[in-house]
Amino acid sequence: MRIGWYINRLRSMEPAEVLHRLGEQRRRIASRRRDDGWERYASPPLHPVLLGWREAALAATPAQRQAIAAAAQKTLGGQFSALGRTWPPRDRDRLFPPELWRLDPVTGRLWPGPESHTFDIDFRDGGGRGDVKYVWEINRLQQLPPLAAHLLLAGDDESRMAIEAAIDSWHSANPPFRGGGWASGIEVALRAISLIVTVDLVGDRLGAATRQQVGEILAASAYWLPRFPSRFSSANNHLVAELAGEYLIGLALGTRADAARGALLAETHKQILADGAGAEQTPTYAAFTAELILLCAAAARQAGTPFPSPVEARLAAFANFVGWLPPAAGFGDNDEGRVLTLGDEQGYVQSVAAAIHGFLRMPGNASKPDDFRALFFGTPSDPAPVPHGLQTFTQGGLSVWRGEMNGRSIDLTFDHGPLGYLSIAAHGHADALSLTLCIDGEPVLVDPGTWLYGSGGVWRDWFRSTPAHNTLNIEGKSQSIIAGEFNWSHKAIATLMDSEPGTHWKLCARHDGYRSRFGVVHQRAVTQQAEGILVTDQLLGGRHVAEVVFQLAAGLGANREGNTVMVLRGDEPLMIIRFPDTAVDIRAGGDAPGQGGWVSPRFGARQPAERIAWRGEVGEDGIKTHLAPISPSQR
């Protein structure tokens, strides 16, 4: 499996990247001989980075104080949850045992620790230990900033002792370049950011030994990050995190971080497109990228060297893009990555957008009353009007229509964007020309979600595949060809042909993903009509037996009568889907991918859900499917 992975990965690399990887491997070999041990990384004096955040935290609202206290009490009670899993509980007098940083909460097994050099551990093959993402998640130390905020607000000495115990335990169990905590730059950076925020909030209340340990971790991180950067095909959100970490660590250590700052500004324009969409074709990764840039913008502003206005304009464009998205909208991968967090949270993308509007003093959608980010970045200056009508994000490749239909509020998205970002499109899904639909703010036709990464196996492929999405597939094949958990050997190219706003708006796009294998191009038109929405699918250049799929949200039902399917929430009819004929199959669940519908509401969780599929011949004359929301008065 590793040989196949390397072959497929090499096929995605240009010659310059191959040379970069060879140089990276030489640096990794050299690290085995010289970079271990804390003695190499003396702790310098630490400088404040996020000036004013302490005062901001002290001004927390009652709702924010309550949320912070609840998050802190979970940590103090030995609880930790992330990625759809809860770690085994720990006693209050032993909150951070050394094995905690190596434990997979699903399998109960331990990953290698300080006895192993970090670059000798094969994280793509868990060897039965599980998915390393779970191990990395707790190593980000993102439970410390809420503890620090609680210490600041409540003067809780138990929180102080817990912070010191966590840092001491992590420092002891994870010497530089040993074990899993130093394997990936994004993990090194996020952990450093957590420590910087913690020290900026309560550094004066921590003991000298703890501050020294923080300084050593930051010094080792400052050494690590520029030596093993994510470049070329890997230069996605990982690179933004690394540059953000490098920049903020430079401020904390009092060293110049001009190179990291300049590279971060350049990445902003690459990874947040001009229309505000994320280049990785996933709103949650775009929000994660934007939050990292926003945090650095706040530090730069407070240091008296604010980011240039075009960078702030890109952040604003992303926040405005989010304003068009339905609250439940999702597509592409989502591993619930956060920068500042109280733990499990809903509405992450909207929270980041509100934080951007607050930081820039712009109108926008307000965050929730207990929002943690709002505490530091502020809230939008005024409410923003609710967008209506048709909006096409040309660079991002997404069209959104929001309006009323048959007495219902409708949110529809139509994906006509690229597969993903860079040559491997790591976090993209084969979802070209896919639809999602919300009725009265609740999801009805949905993207299937993510499920798992490294331990997902064949299910990882299913959740990324075309047959799992609300579009057309031929012979159960994906438009783009999967070549690894984060790689594609062939990428479909989608093209927007038409976007006509108005009372009877129309969208039309096509993709070439099936041209080389089947000699056809899939074209889909989506048009508003008096009675609903008409979806027309054509295969240009030939005829093939194809499948047109509509994946329902979990908890919804579907009843078929002839060629018509009624979608219900409980006893409430929501929508009619009328197909060309009666060749319609409705199934949920199944033991193997493709047997029925599945949705993943969050990383690490999946639920059976009805998958409605019509199967028949499609050619240039096309087939038509009618979607008609049912008026509440027709119940």
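Just above, that's the structure.
Thresholds, definitions, all that
- Residues numbered from 1 in each chain as written.
- Predicted model: local features only at pLDDT ≥ 70, side-chain atom pairs only at ≥ 80, totals over all residues.
- Heavy atoms only, no water.
- Axes fitted to C-alpha atoms, helices over the stretch in contact; angles between N-to-C directions.
- Helix = DSSP H or I, 4+ residues; strand = E, 2+ residues; numbered from the N terminus.
- Parallel < 35°, antiparallel > 145°, perpendicular 65-115°, else oblique.
- Left-handed = near helix turned anticlockwise from the far one by under 90°.
- Contact = heavy atoms within 4.5 Å.
- Nonpolar A, V, L, I, M, F, W, Y, C, P; charged D, E, K, R; others polar.
- Core = buried A, V, L, I, M, F, W, Y, C linked by side-chain atoms within 4.5 Å.
- Buried < 20%, exposed > 50% of the residue type's maximum accessible area, 1.4 Å probe, protein only.
- Lys, Arg positive; Asp, Glu negative; His and termini not counted.
- Salt bridge = Lys/Arg side-chain N within 4 Å of Asp/Glu carboxyl O.
- Polar contact = N/O pair within 3.5 Å; in protein donor to acceptor, adjacent residues only side chain to side chain.
- Phe/Tyr/Trp six-rings, centres within 6.5 Å; stacked < 30°, edge-to-face > 60°.
- Pairing = 2+ DSSP bridges.

A. Quick peek at the packing of helix α13 (residues 309–324) against helix α14 (residues 348–359). α14 packs onto α13 with a crossing angle of 135° between their chain directions and a minimal axis gap of 9 Å. If you check the angle between α13 and α14, you find them oblique. With respect to the hand of their crossing, α13 and α14 are arranged in left-handed fashion. Seen from α13, the contacting residues are Glu312, Leu315, Ala316, Phe318, Ala319, Asn320 and Val322; seen from α14, they are Val349, Gln350, Val352, Ala353, Ile356, His357 and Phe359. Taken together, the residues of the contact of α13 with α14 break down into 10 nonpolar, 3 polar and 1 charged.

B. Spatial organisation of the nonpolar core. In this structure, Leu201, Phe307 and Phe318 are the most contacted members of the largest nonpolar core, which totals 128 residues. Apart from the residues within four sequence positions on either side, Phe307 is in contact with Tyr247, Arg261, Leu264, Leu265, Ile293, Cys296, Ala297, Ala300 and Glu312. Of all hydrophobic cores here, the second largest spans 48 residues; its members include Leu390, Met405, Ile474 and Ala609.

C. Spotlight on the packing of helix α6 (residues 144–154) against helix α8 (residues 185–202). At a closest axis distance of 8 Å, the pairing of α6 and α8 adopts a crossing angle of 5°. The pairing of α6 with α8 is recorded here as roughly parallel in orientation. Contacts between α6 and α8 involve Leu144, Pro145, Ala148, Ala149, Leu151 and Leu152 from the first element and Ser194, Leu195, Val197, Thr198, Leu201 and Val202 from the second. Across the contact of α6 with α8, the residue classes break down as 10 nonpolar, 2 polar and no charged.

D. Main features of the side chain of Arg90. By the element assignment, Arg90 lies in the loop between β2 (85–86) and α5 (132–139). No salt bridge is formed by the buried Arg90; its nearest oppositely charged neighbour, Glu99, is found at 8.8 Å. Within polar-contact distance, the side chain of Arg90 engages the backbone oxygen of Leu95 at 2.3 Å. Those residues in contact with Arg90 that lie beyond four places of it in its chain are Gly77, Gly78, Gln79, Phe80, Leu95, Phe96, Pro97 and Leu100.

E. Quick look at unusual backbone geometry. At Arg361, a residue that is not glycine, the phi angle is positive and equals roughly 55°. Residue position: Arg361 is located in the loop between α14 and α15 (372–377). Judged by relative accessible area, which is 56%, Arg361 ranks as exposed. Here the phi dihedral of Trp451 falls at roughly 70°; this positive angle occurs in a residue that is not glycine. A relative accessible area of 13% places Trp451 in the buried class.

F. View of the packing of aromatic side chains. As enumerated under the stated definition, the model contains 29 aromatic pairs in all. For the ring pair Trp170 and Trp182, a centre distance of 5.8 Å and an interplane angle of 55° mean the geometry is tilted. With Trp170 in helix α7 (residues 157–173) and Trp182 in the loop between α7 and α8, this pair connects stretches of sequence that are 12 residues apart. When sorted by exposure, Trp170 lands in the same class as Trp182, which is buried. Pairing Phe177 with Phe228 gives two aromatic rings, centres 6.2 Å apart and planes at 65°, and the pair type is edge-to-face. Placement of Phe177 in the loop between α7 and α8 and of Phe228 in the loop between α9 (208–227) and α10 (237–253) is noted, with a sequence separation of 51 residues between them.

G. Spotlight on the pattern of salt bridges. Under the defined criterion, the tally for this structure stands at 32 salt bridges. Arg21 is the salt-bridge partner of Glu17, the closest N and O atoms lying 2.9 Å from each other. Remark: Arg21 and Glu17 occur in helix α2 (residues 15–34); sequence separation between them is 4 residues, near one turn of the helix. Classification of Glu17 by relative accessible area gives buried; the value is 1%. For Arg543, the salt bridge is made with Asp621, and the minimal N-O distance between the two is 3.0 Å. Of the two residues, Arg543 sits in the loop between β14 (532–540) and β15 (544–551) while Asp621 sits in the loop between β22 (611–618) and β23 (623–629), which places them 78 residues apart along the sequence. By relative accessible area, Arg543 is classed as partly exposed at 45%. Owing to a relative accessible area of 58%, Asp621 belongs among the exposed residues under this scheme. Beyond isolated ion pairs, a larger network of salt bridges with shared partners links Glu291, Arg338, Glu345 and Arg373.

H. Expanded view of the pairing of strand β21 (residues 605–608). The sheet contact formed by strand β20 (residues 598–602) and β21 spans 3 bridges and is antiparallel. Across the sheet, the residue bridging to Arg602 is Ala605, located in β21. Linking β20 back to β21 in an antiparallel pair, the connection comprises 2 residues, with Gly604 at a positive phi of about 85°.

I. The environment of Arg11, seen in detail. Within the fold, Arg11 resides in helix α1 (residues 2–11). As for Arg11 and Ala483, which are separated by 472 residues in sequence, their C-alpha atoms are 9.9 Å apart.

J. Spatial organisation of the pairing of β23. Burial analysis of β23 places 5 of its 7 residues in the buried class, the great majority of the element. Pairing of β14 with β23 involves 5 bridges; the strand directions are antiparallel. Of the residues in β23, the one forming a bridge with Val535 is Thr625. Bridge count between strand β18 (residues 572–578) and β23: 4 bridges; the pairing is antiparallel. Bridge pairing in β23 places Ile576 opposite Ala628.

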